[in-house]
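Residue-level listing of the chains:
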Amino acid sequence: MIWFTSDTHFSHNNILHYTNREQYFKNVNEMNKALIHNINDCVSKKDTLYHLGDISLGKGKHWTSSINNIFSNIKCENIHILLGNHDPSNRSEHVNNRYFKSVENYFELNIDGFVSKSLKKFNICMCHYPMTTWNRKCRVHIHGHCHGKLGFITSPYKDGYVRYDVGVDSEGLNYRPISVIQLVKSYTSFIPKENEDA
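In this text the structure is predicted, and so the values were computed from the model without any measurement. (Residues numbered from 1 in each chain as written. Predicted model: local features only at pLDDT ≥ 70, side-chain atom pairs only at ≥ 80, totals over all residues. Heavy atoms only, no water.)

### Here we look at the pairing of strand β8 (residues 153-158)
Bridging between β8 and strand β9 (residues 161-165) involves three bridges; their strand directions are antiparallel. Residue pairing in the sheet places serine 155 in a bridge with arginine 163 of β9. Where β8 folds back onto β9 in an antiparallel hairpin, the turn is made up of two residues, including aspartate 159, whose phi is positive at roughly 55°. (Pairing = 2+ DSSP bridges. Helix = DSSP H or I, 4+ residues; strand = E, 2+ residues; numbered from the N terminus.)

Take a look at the structure:
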């Protein structure tokens, strides 16, 4: 299974106040434990997880130390990172981490037939930041960065395209990753019935 998440902000004290997290977590340690638990509860060892950035607070060696502490407790072995504004540059030695299969700023994922044989030429483009326009080969654009402030659907379905905020703070995600099946199910709910077989 393929999963997506963003904006965990592990070990970031101020994120509790910046978002609504202080309603759910007493402190950052409780938040870290809950986020790790939620990832492990959804994502199996052999699944694939795309994390769309703002993974953890820290710079340089502090970021690496935080990542090592967190990801040593996550059972998924196939984690791909798309860097956010709180993460080091992809040119930094600190992102070459043994827990990550790849580190990118932007990525397009082809899921043709993965969820449904009727969905042909189905690509998802991923970036930490929401884009107003994107490669039209991708029906769906997923992002983080907004902490749910734009809602889960951040650009309504139009002409076959839609944009989603997959950050843990996003509406309805309850600090959990979202699966590709859940994402496609949401997408297909917009398709007019007469166009489903097109």
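### A closer look at the packing of aromatic side chains
Per the counting criterion, the structure on display carries eleven aromatic pairs. Aromatic pair phenylalanine 4 and tyrosine 50: ring centres 5.9 Å apart, planes at 25°, arrangement stacked. On the criterion of sequence distance, the pair formed by phenylalanine 4 in strand β1 (residues 2-5) and tyrosine 50 in strand β2 (residues 48-51) is long-range, its members being 46 residues apart. Comparing phenylalanine 4 with tyrosine 50 shows no difference in burial state: the two are buried. (Phe/Tyr/Trp six-rings, centres within 6.5 Å; stacked < 30°, edge-to-face > 60°. Buried < 20%, exposed > 50% of the residue type's maximum accessible area, 1.4 Å probe, protein only.)

### So, the sheet that holds β1
In space, the five strands of this open sheet follow the order β4-β3-β2-β1-β10, with mixed pairing throughout. One side of each edge strand has no neighbouring strand; the edge strands of this open sheet are β4 (100-104) and β10 (178-179).

### Quick word on helix α3 (residues 60-71)
Given 3.6 residues per turn, any residue in an α-helix points the same way as the ones three and four places further on. Its twelve residues give α3 an end-to-end C-alpha distance of 16 Å, which sits within 8% of 16 Å, the value for a rise of 1.5 Å per residue. What α3 keeps buried is the set Trp63, Thr64, Ser66, Ile67, Ile70 and Phe71. All buried residues of α3 project into a common sector of 165° when viewed along the axis, lining one side. α3 presents Lys61, His62 and Asn69 as exposed residues on the side facing more than 90 degrees away from its buried surface. Buried residues along α3 sit in contact with α2 (28-42), β3 (78-82) and β4. (Expected span 1.5 Å × (residues − 1). Arc of directions from axis to C-beta. Contact = heavy atoms within 4.5 Å.)

From the geometry alone we can't say anything about function, so treat these as descriptive.
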